[in-house]
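# Architecture and fold: a report
Given next are the chains, with one letter for each unit.
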6 protein chains.
Amino acid sequence: MQEKRLLVVGAHSADFVWRSAGVVARIIKDGGRAKVVALSYGERGESGELWKVAGQTEENVKSIRHAEAAAAAAHLGAEFEAFDLGDYPLNVGDDDVARLAELMRDFQPTIVVTHPEIDPFNPDHPVAYTTVAKARLMTSGAGVESGFKTAPPSEFLVFEPHQPELCGFLPTVFVDITDVFEQKKAAMAEMKAQQYLQSYYRERAEHRGNHARKVTGNKAIRQAEAFMRLVPNVVASL
Amino acid sequence: MQEKRLLVVGAHSADFVWRSAGVVARIIKDGGRAKVVALSYGERGESGELWKVAGQTEENVKSIRHAEAAAAAAHLGAEFEAFDLGDYPLNVGDDDVARLAELMRDFQPTIVVTHPEIDPFNPDHPVAYTTVAKARLMTSGAGVESGFKTAPPSEFLVFEPHQPELCGFLPTVFVDITDVFEQKKAAMAEMKAQQYLQSYYRERAEHRGNHARKVTGNKAIRQAEAFMRLVPNVVASL
Amino acid sequence: MQEKRLLVVGAHSADFVWRSAGVVARIIKDGGRAKVVALSYGERGESGELWKVAGQTEENVKSIRHAEAAAAAAHLGAEFEAFDLGDYPLNVGDDDVARLAELMRDFQPTIVVTHPEIDPFNPDHPVAYTTVAKARLMTSGAGVESGFKTAPPSEFLVFEPHQPELCGFLPTVFVDITDVFEQKKAAMAEMKAQQYLQSYYRERAEHRGNHARKVTGNKAIRQAEAFMRLVPNVVASL
Amino acid sequence: MQEKRLLVVGAHSADFVWRSAGVVARIIKDGGRAKVVALSYGERGESGELWKVAGQTEENVKSIRHAEAAAAAAHLGAEFEAFDLGDYPLNVGDDDVARLAELMRDFQPTIVVTHPEIDPFNPDHPVAYTTVAKARLMTSGAGVESGFKTAPPSEFLVFEPHQPELCGFLPTVFVDITDVFEQKKAAMAEMKAQQYLQSYYRERAEHRGNHARKVTGNKAIRQAEAFMRLVPNVVASL
Amino acid sequence: MQEKRLLVVGAHSADFVWRSAGVVARIIKDGGRAKVVALSYGERGESGELWKVAGQTEENVKSIRHAEAAAAAAHLGAEFEAFDLGDYPLNVGDDDVARLAELMRDFQPTIVVTHPEIDPFNPDHPVAYTTVAKARLMTSGAGVESGFKTAPPSEFLVFEPHQPELCGFLPTVFVDITDVFEQKKAAMAEMKAQQYLQSYYRERAEHRGNHARKVTGNKAIRQAEAFMRLVPNVVASL
Amino acid sequence: MQEKRLLVVGAHSADFVWRSAGVVARIIKDGGRAKVVALSYGERGESGELWKVAGQTEENVKSIRHAEAAAAAAHLGAEFEAFDLGDYPLNVGDDDVARLAELMRDFQPTIVVTHPEIDPFNPDHPVAYTTVAKARLMTSGAGVESGFKTAPPSEFLVFEPHQPELCGFLPTVFVDITDVFEQKKAAMAEMKAQQYLQSYYRERAEHRGNHARKVTGNKAIRQAEAFMRLVPNVVASL
């Protein structure tokens, strides 16, 4: 069976933690690989606590955010890479798309995960979606041999946004993260300035666990993460 | 791992063949069980060729349709059961829903498949959907112990209708049926009066195979069947 | 070319006038036939002015409503038939559906028009839709010979409801009614107790005329009626 | 200004507590009135813990559920009325719709709240929706005088279901329940056999409070309840 | 209570008049403030009558359009500002977005209104939407302190487009403009070259008034404007 | 009656053949004109077979693709023009949009056809849609005289994509291509390196023919092409 290689791309450096740390840990625990890319550090729009420190600088905020994200990824066993493209707004040029496409050709992900296309509360999340969707298709060709280097087609999903219904998020997959939940909590704990979100996403994982129990009747599921598939799931059997 | 038990419910006796014979064969080949229920024989609305025979009677049409469906199911290894509730219109009373619910409590399906909720070209298909959805929920309780006998929660999907876009059908799962396609062809061949549909659904399976190849890059897939999941898929990992 | 036969089915006796009198007149003027069916008189819920008359009775209200609708139909050249099934709520039994199906088998409509499926402001309009959709499919068979008498497949559209956006109404067809607008006004004028609606739907026809001009650039269009097709339009050419 | 009269209709006797206790308390605290109707007790499908008691009977379960719901309503200051129509399935006849319509004509609600129309996990919730929608329209007439007693038009909303995205629930209104949250907790605590749901909906209220803070920037909001409006909101100004 | 500050942004200089003059007048009459921004004058695509004048120049058309819009705004008591970015196509660069964001940080709107995101009949309206949505989010931060100056979160709505159903416009709010309708008529009258639209939008306001009466039963409402909220409405109570 | 002038715009040079060759042939056979524009040759992403040839160059691939498309267009009687803007990704600048708009002002199409707005499997198809939609609106003005040269409003449709349900494609028009199907086959045969697609789209045309027969009962229809209208259809009568 093919090795699983998961690529998670977030707009800001902490996004992958709240929304997909469980599945990252799961895949690595099962022998797969996972790579996390942050298009920006969220240094302006999502680092409010850090800016309360007197004399704070953008470089220092970025440095702290990098360290936190790298430490979080380490708890899960994943590689972390930052593109540092700026936030609020996140501006992505053709070169940046090409850089991500090149990374995809190198890493050859079997699964790609990012933000949903819509987010009425965040200007950068839809930009991240568009960037990933474009880079992924640019590496794919039309299902035939191409005049350029391709990556094999990958599964494509989006993780759960903060206000799911308002982002057109329909959960179509619940991943049981019960076994790796301690790792997710450890990763979240690295985001020291965001105590409230640690509680919020711990409870959210338990709610999704409740939903997954209801769907299956499997009482062993305690925590879960929700995803929406964007292309059909091809399987050997139901 | 739990044994797979697939329940397919069609409005008319031939529906399961065109739309899900591949997955039925697949599950049985892999050691699971499959049961097919036909709510009616389609004796009035979908047996036109048979009515061209002089002196034809409804009883005789039903008898022929039963034999064909049973023979098709036998090619796949599945059990076939007919409720014989009439067609055009298919009328389903509370007792009939209760009968299907009882069958679910006995068979304890892990996967339930039926028609989509919408079909602008057929009065009976949506009735079949409603019947199955209601019976399934009536056996489920609210995820807690109940004051009545329940069946464990099952996966719930709809198979591909004849004009997918007009029935709100979004294919979310492609099942590779390459290995069992000869069985599907044999099952379809039992529907002797419907030569055209045999070609149509053979080509359709190949088209869906093409789509599945495009999604995965897996050139070994030749034929596929398409389904839409109605409740989230709970999985151990992506 | 085949003769056009239009069947319009309204929940209440005045519905066809406001929403489709133009197209009824148009088809008749062009040599086709048109039949209007009212499932009820709207005697309780839509005849408020009449109930202000001292000593008013339900029978008398129905009688007045019948006369008004028949006179309106006469202005257009159409036949009017009332099923008198009651309103608020409109209750339609299996026998009533069968009656409408029988009427369809006799009249053999090439075009069927009724209310949209959704109306958050009226309990009877969705019932009319469901009745018509069911009767229409019960006369159609599955595109093959059937064990019962059928009518040829017909075009199927819904007319414009009072609050279009809230009824899921997407106008896909604008019919130019400029030439027959005087007839529509005459038909509307028969609804003597509903002065306001006469102004409202006169202005509405002009607004739809404005929309149709914008779509085509054809300045000769002054008034139009809007419809939504429910099944694809099959044409000899674009 | 007109007195607010809120009518909440649940399929089962505990539904109103988890989903709308806050807004019920809020309206009463502000001098309005609120009435809660439960179409059934949820005695078979949602009373699992009670059925674990040896020798349990349906009558006894209903009696306990009635007492709990009445006590919860009392914490909020609302009247509680049970229709006792049975659950799994909840069967609602024309007489039951008429009974609810009569209740609406008497209570003259200015706001009506019930379940969303869709729930893939519960057979009774959509039945409750349909019942309420039908009764509400049957009391409304067509905006003119009618041949029957009417209630004034009311606002119409649905409360938050257990798995919002899968029920087509789009939150369009967040009500700040910070001030009355202790009352909601007291009401929830009456549902003694459902400890887990008490935690779940306490956390859910806090999450919705977080969403409401994000929308407004108002840090004083700690807990909120989410609703979806089904008809437009008519206001004196933005 | 917080002062209301309404910001209306139109693609062309007359847009705000037809679609939102009533609510602008209403808010000012109640003691709030309102500012109107026009991204372009619509000098090429929407000034057809002016171009019929021999020797007409683009500068002169802009000058006339500015005067008309300023006069219309004056009837309502609002400030008018033109960005003069050109039309057909309206091109908005990053600097223009930043200019609008800066204006938002200064004006600190509590309510922002613009065009819907979709318009199959106009290339500039969706550009206006995108510009406003982006500028608004760039001033908002992620609900926490930010590394840049923010404006408080604002309500966000779109006004009614010319062909609502085709622009995905679902009216979720009707504002009663009966009291200020004379002001709206005066504002519309300034658009001297667009006589037909004056009639059209006068009738439209009356139709929306009819809809609002139907929703509420409040016969005092004669004219209304329709809006669609894009983010949930947070309220103290239903 | 006005001469029909059809403009088909594809992202890659072969797109028009698979998806609209029938309707192109039909319109020309009936005395209209048709022009095909290819924004790129698909030289990198869709010419896999050609790249298997040793020493292949991009220029040579383009040259072969041009010859094939021109030959296919010749079978239908249409003019073919290539913009040669590159593929994977197709990049379209403002100048290219202006070039297409200029072409529209010259050709004055009465019908414009292109790709749907969404395609999760192709990065270039949505770019083609956006280009065409923008150019078309830039030539239209606002339904009044404009300060620039306009083309008359045209009908606007999208042709069938490879995986229709996943591209939001709802077939609203089926065009009977039975009479011109030999021409479509001849055009498809020019795409020598794409044997499989020739079979695929031959079968697809027959499936759509089956759908069109089902909609109409017209057994003479053997092959059809499916389209989705994007703006309402204005007609003289139903």
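Each chain carries its own residue numbering, running from 1 in the written order of its sequence. Here every chain gets a letter starting at A, and every ligand a number starting at 1, in the order they are written. It should be noted that, the model being predicted, local features are given only for residues of pLDDT at least 70 and side-chain atom pairs only at 80 or more, the latter also being counted only at that level, while totals for whole chains, interfaces and linings use all residues. Side-chain measures here rest on the full set of heavy atoms in the structure, leaving out hydrogens and waters.

## Section: the relation of the copies chain A and chain E
- If you rotate chain A by 120 degrees and push it 0.0 Å along the axis, it lands on chain E with an RMSD of 0.0 Å. Such a turn and shift between the copies fits a three-fold axis. Each copy is superposed on the other by least squares, with the fit set by C-alpha atoms of residues at a pLDDT of at least 70 in both.

## Focus: the pattern of salt bridges
- By definition, a salt bridge exists where a carboxyl oxygen of Asp or Glu is found within 4 Å of a side-chain nitrogen of Lys or Arg. Taken as a whole and judged by the stated rule, the model has 132 salt bridges over all chains.
- Across the salt bridge formed by Glu 165 of chain B and Arg 204 of chain F, the nearest N and O atoms sit 3.8 Å from each other. Residue Glu 165 of chain B is found in the loop between strand 5 (155–159) and strand 6 (173–176), and its partner Arg 204 of chain F is found in helix 7 (residues 195–216); the two belong to separate chains. A single burial state applies to Glu 165 of chain B and to Arg 204 of chain F, both of which are buried.
- Arg 26 of chain F is paired through a salt bridge with Asp 30 of chain F; the nearest N and O atoms lie 2.9 Å apart. The helix count covers DSSP runs of H or I at least four residues long, the strand count covers runs of E at least two residues long, and both are numbered beginning at the N terminus. Relative accessible area decides the class of each residue, using a 1.4 Å probe on protein chains only: under 20% of the type maximum gives buried, over 50% gives exposed, and in between gives partly exposed.

## A few points about the interface of chain A and chain E
- With 15 residues of chain A at the interface, the matching set in chain E holds 12 residues.
- Summed over both sides, the interface between chain A and chain E buries roughly 1200 Å², with carbon and sulfur atoms accounting for 70% of that surface.
- Our enumeration of links across chain A and chain E arrives at zero salt bridges.
- Two N or O atoms form a polar contact when they lie within 3.5 Å of each other; inside protein one atom must be a possible hydrogen donor and the other a possible acceptor, and for residues adjacent in sequence the pair counts only when both atoms belong to side chains. Applying the counting rule to chain A against chain E returns zero residue pairs in polar contact (both at pLDDT 80 or more).
- Classifying every residue of the side of chain A that touches chain E by side-chain character gives seven nonpolar, four polar and four charged. Residue contacts are counted whenever heavy atoms from the two residues lie within 4.5 Å of one another. By convention, the term buried area covers the 1.4 Å-probe accessible surface removed from two parts as they join, with the contributions of both added. Three categories are distinguished: nonpolar for Ala, Val, Leu, Ile, Met, Phe, Trp, Tyr, Cys and Pro, charged for Asp, Glu, Lys and Arg, and polar for the others, with Gly belonging to the last.

## Notes on the packing of helix 6 (residues 181–189) of chain A against helix 7 (residues 195–216) of chain A
All names here are of chain A.
- Where helix 6 meets helix 7, the axes come as close as 10 Å, and the angle between the chain directions of the two elements is 160 degrees. Classified by the angle between their axes, helix 6 and helix 7 sit roughly antiparallel to one another. You can see that helix 6 and helix 7 cross each other, and the crossing is right-handed. Together, Phe 181, Lys 185, Met 188 and Ala 189 of helix 6 and Gln 198, Tyr 201, Arg 202, Ala 205 and Glu 206 of helix 7 make up the contact between the two elements.
- Its residues assigned to classes, the contact of helix 6 with helix 7 comprises five nonpolar, one polar and three charged. Orientation is described by lines fitted to C-alpha atoms, with helices fitted over the stretch in contact, and by angles between N-to-C directions that extend from 0 to 180 degrees. What sets the label is the angle itself: under 35 degrees gives roughly parallel, over 145 gives roughly antiparallel, 65 to 115 gives roughly perpendicular, and the rest give oblique. Each crossing gets its handedness from the near helix: less than a right angle anticlockwise from the far helix is left-handed, clockwise is right-handed.

## Notes on the relation of the copies chain A and chain B
- Aligned on chain B, chain A shows an RMSD of 0.0 Å; the corresponding rotation is 180 degrees and the shift along the axis is 0.0 Å. On the angle and the small slide along the axis, the relation comes out as a two-fold axis. Considering only C-alpha atoms, the part of chain A nearest the rotation axis is Thr 172 of chain A, at 4.6 Å.
- Comparing contact sets, 100% of the residues at the interface of chain A also lie at the interface in chain B, consistent with an isologous, same-surface contact.

## Notes on helix 1 (residues 15–29) of chain E
All names here are of chain E.
- Multiplying 1.5 Å by the helix residue count minus one yields the expected span of that helix. If you check helix 1, its first and last C-alpha atoms are 21 Å apart, about what 15 residues at 1.5 Å a residue would give, namely 21 Å.
- When the local axis directions of helix 1 are compared, the greatest deviation, roughly 70 degrees, occurs at Ala 21.
- With respect to burial, helix 1 is a largely interior element, 13 of its 15 residues being buried.
- Looking one or two residues beyond helix 1, the residue adopting positive phi is Gly 31, at roughly 100 degrees. The term bend refers to the angle at a residue between two fitted axes, each drawn through seven residues, those ending there and those starting there.

## Section: the interface of chain A and chain B
- Of the residues lining the interface, 30 residues belong to chain A; the matching set on chain B comes to 30 residues.
- For the pairing of chain A and chain B, the buried interface totals around 2700 Å² over both sides, and the portion due to carbon and sulfur atoms is 63%.
- Sorting the residues of chain A by area buried against chain B places Pro 232, Val 234 and Leu 238 of chain A first, and these three jointly supply 28% of that buried surface.
- At the surface where chain A touches chain B, the tally comes to zero salt bridges.
- There are 10 residue pairs in polar contact (both at pLDDT 80 or more) connecting chain A and chain B.

## Some details on the environment of Thr 110 of chain B
- Tracing the backbone shows Thr 110 of chain B in the loop between helix 4 (94–107) and strand 4 (111–114).
- If we ignore the near neighbours within four places in the chain, the residues touching Thr 110 of chain B are Gln 2, Glu 3, Lys 4, Arg 5, Ser 154 and Glu 155 of chain B.

## Notes on the arrangement of the chains
- Regarding chain A and chain C, the two do not touch, and the least distance separating their C-alpha atoms is 19 Å.
- Between chain B and chain E there is no contact; the minimum C-alpha to C-alpha separation amounts to 19 Å.

## Some words on the sheet that holds strand 7 (residues 224–229) of chain E
- At least two bridges found by DSSP between two strands is the condition for calling them paired. Strand order across the open sheet formed by eight strands is 8(D)-6(E)-7(E)-5(E)-4(E)-1(E)-2(E)-3(E), with mixed pairing between neighbours. Whereas interior strands pair on both sides, the edge strands pair on one side only; in this sheet they are strand 8 (233–235) of chain D together with strand 3 (79–82) of chain E. Averaged over all pairs of adjacent strands, the angle between strand axes in this sheet comes to 25 degrees, irrespective of strand direction.
- Packing against the sheet, helix 1 of chain E makes contact with strand 1 (5–10), strand 2 (33–38), strand 3, strand 4 (111–114), strand 5 (155–159), strand 6 (173–176) and strand 7 of chain E, and its axis sits at approximately 95 degrees to strand 7 of chain E.
- Along the sheet, helix 4 (residues 94–107) of chain E contacts strand 1, strand 2, strand 3 and strand 4 of chain E; its crossing angle with strand 1 of chain E, the most-contacted strand, is approximately 165 degrees.

## Some words on the side chain of Arg 136 of chain E
- Mapped onto the secondary structure, Arg 136 of chain E falls in helix 5 (residues 125–138).
- Residues scored as positive are Lys and Arg, those scored as negative are Asp and Glu, and His as well as the terminal groups of each chain are ignored. One buried charged side chain, Arg 136 of chain E, makes no salt bridge at all; its nearest oppositely charged neighbour is Glu 155 of chain E, positioned 9.1 Å away.
- Apart from the residues within four sequence positions on either side, Arg 136 of chain E is in contact with Pro 120 of chain A together with Met 104, Val 112, Ser 154, Glu 155, Phe 156 and Val 231 of chain E.

## Quick notes on the side chain of His 115 of chain B
Residues and elements named next belong to chain B.
- Within the fold, His 115 resides in the loop between strand 4 and helix 5 (125–138).
- A polar side-chain atom of His 115 sits 2.9 Å from the main-chain amide nitrogen of Ala 11.
- Reaching out from His 115, the side chain makes a polar contact with the side chain of Asp 15 at a distance of 3.1 Å.
- When neighbours within four sequence positions are excluded, His 115 is seen to be in contact with Val 9, Gly 10, Ala 11, Asp 15, His 125, Ala 128, Tyr 129, Val 158 and Phe 159.

## Considering the pairing of strand 2 (residues 33–38) of chain D
Residue and element names in this part refer to chain D.
- Of all six residues in strand 2, five are buried, a share of seventy percent or more.
- A clockwise path from the first strand over the helix to the second, with the strands pointing away from the viewer, defines a right-handed crossover. For the crossover that starts at strand 1 (residues 5–10), traverses helix 1 (residues 15–29) and ends in the parallel strand 2, the hand is right-handed.
- In the sheet, strand 2 pairs with strand 3 (residues 79–82) via four bridges, with the strands oriented parallel. Bridge pairing in strand 3 links Lys 35 to Glu 79.

## Quick word on the state of the cysteines
- Only a pair of cysteine sulfur atoms within 2.5 Å counts as a disulfide in this structure description. Tallying each qualifying case throughout the model produces zero disulfides over all chains.
- No disulfide involves Cys 167 of chain B; its sulfur sits 18 Å from that of Cys 167 of chain F, the nearest cysteine.
- Looking at Cys 167 of chain B, the relative accessible area reads 3%, which means it is buried.

## Describing the pairing of strand 1 (residues 5–10) of chain C
All names here are of chain C.
- The buried fraction of strand 1 is high, at six of six residues.
- A two-sided burial pattern is seen for strand 1, the buried positions comprising Arg 5, Leu 7 and Val 9 on one face and Leu 6, Val 8 and Gly 10 on the other.
- Pairing between strand 1 and strand 2 (residues 33–38): six bridges, direction parallel. Residue Arg 5 lies in a different strand from strand 2, and its bridge partner there is Arg 33.
- Bridge analysis of strand 1 against strand 4 (residues 111–114) gives three bridges, and the strand direction is parallel. Residue Leu 7 lies in a different strand from strand 4, and its bridge partner there is Val 112.

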